[in-house]
Amino acid sequence: MSIFAIILLILLGLVLLLIEFAVIPGVTIAGIGGFLLLGASVYIAFSELGNTAGFITLLVVLIVAPAMIYYFFKSRTGKKMILEKNIDGKVEFVNSQKIAVGDTGKSIGRLAPTGKARVNGEVVEAQSTGAFVDHNTEIRVLKIISNRIIVEPVNKK
């Protein structure tokens, strides 16, 4: 095989790797094929052109493939593919100054076993002790956890 064939195998392998990272994420035929073509180019260079050409080919493959992937994701097209959003949501904590253990309120929706409840005018995430609590049922606060309250129906015996 000629040097042209080895260069062609390297280029095809790099294109398949680029397709793997950019178009078809995951381990697919394109990625496996790209690695096989790069490996085949190194093997052919060693077997047909000698050790010097083989090591040069290996060095080129080991430097060019990661560099190509790195620069692709640093390019404008690559940056469009990367998620760069920060999550700015926050967990609402139960106001322990307004809600205390033993307070009563009503369920806004069905607690199955979690839902919303209104206690002392505050709407909070509520969790029943295990049983379903129907809509508009009188409830009692048993425990306060940072972002929700544990409740039970008042008429529970």
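How each quantity is defined
- Residues numbered from 1 in each chain as written.
- Predicted model: local features only at pLDDT ≥ 70, side-chain atom pairs only at ≥ 80, totals over all residues.
- Heavy atoms only, no water.
- Helix = DSSP H or I, 4+ residues; strand = E, 2+ residues; numbered from the N terminus.
- Rg over C-alpha atoms; globule rule 2.2 N^0.38 Å.
- Axes fitted to C-alpha atoms, helices over the stretch in contact; angles between N-to-C directions.
- Parallel < 35°, antiparallel > 145°, perpendicular 65-115°, else oblique.
- Left-handed = near helix turned anticlockwise from the far one by under 90°.
- Contact = heavy atoms within 4.5 Å.
- Nonpolar A, V, L, I, M, F, W, Y, C, P; charged D, E, K, R; others polar.
- Patch = residues over 30% accessible without salt bridge, like charges linked within 9 Å, V, L, I, M, F, W, Y side chains within 5 Å.
- Areas by Shrake-Rupley, 256 points an atom, 1.4 Å probe, with all protein chains shown as cover.
- Salt bridge = Lys/Arg side-chain N within 4 Å of Asp/Glu carboxyl O.
- Buried < 20%, exposed > 50% of the residue type's maximum accessible area, 1.4 Å probe, protein only.
- Pairing = 2+ DSSP bridges.

### Topic: the overall build of the chain
(1) Moving on: If you tally the helices and strands in the chain, you get four helices and five strands.
(2) Moving on: When the helices and strands of the chain are read in sequence order from the N terminus, they spell out α-α-α-α-β-β-β-β-β.
(3) Moving on: The C-alpha atoms of the chain give a radius of gyration of 31 Å, which is well past the 15 Å a tight globule of 157 residues would have.
(4) Moving on: Oriented by its inertia axes, the alpha-carbon framework of the chain measures out at about 90 × 30 × 20 Å.

### Considering the packing of helix H1 (residues 3–22) against helix H3 (residues 51–74)
Between two packed helices, what matters for the description is the angle formed by their axes and the separation of those axes.
(1) Moving on: At a minimum axis distance of 11 Å, the contact between H1 and H3 shows a crossing angle of 30°. Taken as axis vectors, H1 and H3 run roughly parallel relative to one another. In the packing of H1 onto H3, the handedness of the crossing is right-handed. For the pair formed by H1 and H3, the contact residues are Ile 6, Ile 10, Leu 14, Leu 17, Leu 18, Phe 21 and Ala 22 on the first element and Thr 57, Val 61, Val 64, Ala 65, Met 68, Ile 69, Phe 72 and Phe 73 on the second.
(2) Moving on: Residues belonging to the contact of H1 with H3 are distributed by class as follows: 14 nonpolar, one polar and no charged.

### Notes on the packing of H1 against helix H2 (residues 29–49)
(1) Moving on: Contact geometry of H1 with H2 gives a least axis separation of 7 Å together with a crossing angle of 160°. One way to sum up the angle between H1 and H2 is to call them roughly antiparallel. Crossing geometry of H1 relative to H2 is assigned as left-handed. Contacts from Ile 3, Ile 6, Leu 9, Ile 10, Leu 12, Gly 13, Leu 14, Leu 16, Leu 17, Ile 19 and Glu 20 in H1 reach Ala 30, Gly 31, Gly 33, Gly 34, Phe 35, Leu 37, Leu 38, Ala 40, Ser 41, Ile 44, Ala 45 and Leu 49 in H2.
(2) Moving on: In terms of residue class, the contact of H1 with H2 is built from 17 nonpolar, five polar and one charged.

### Structural notes on a nonpolar patch on the surface
(1) Moving on: On the surface, Ile 56, Leu 59, Val 60, Ile 63 and Val 64 cluster together into a nonpolar patch covering about 420 Å² of accessible area.
(2) Moving on: In this structure, Ile 56 sits in helix H3.

### With respect to the pairing of strand S5 (residues 148–153)
(1) Moving on: Of all six residues in S5, five are buried, a share of seventy percent or more.
(2) Moving on: As paired strands, strand S3 (residues 122–128) and S5 are joined by three bridges and run parallel to one another. Within the sheet, the bridge partner assigned to Ser 128 lies in S5 and is Val 151.
(3) Moving on: Taken together, the six bridges between strand S4 (residues 138–145) and S5 define a ladder with antiparallel strand orientation. Looking across to S5, one finds that Val 141 is bridged to Val 151.
(4) Moving on: The turn joining S4 and S5, which pair antiparallel and follow one another in sequence, is formed by two residues.

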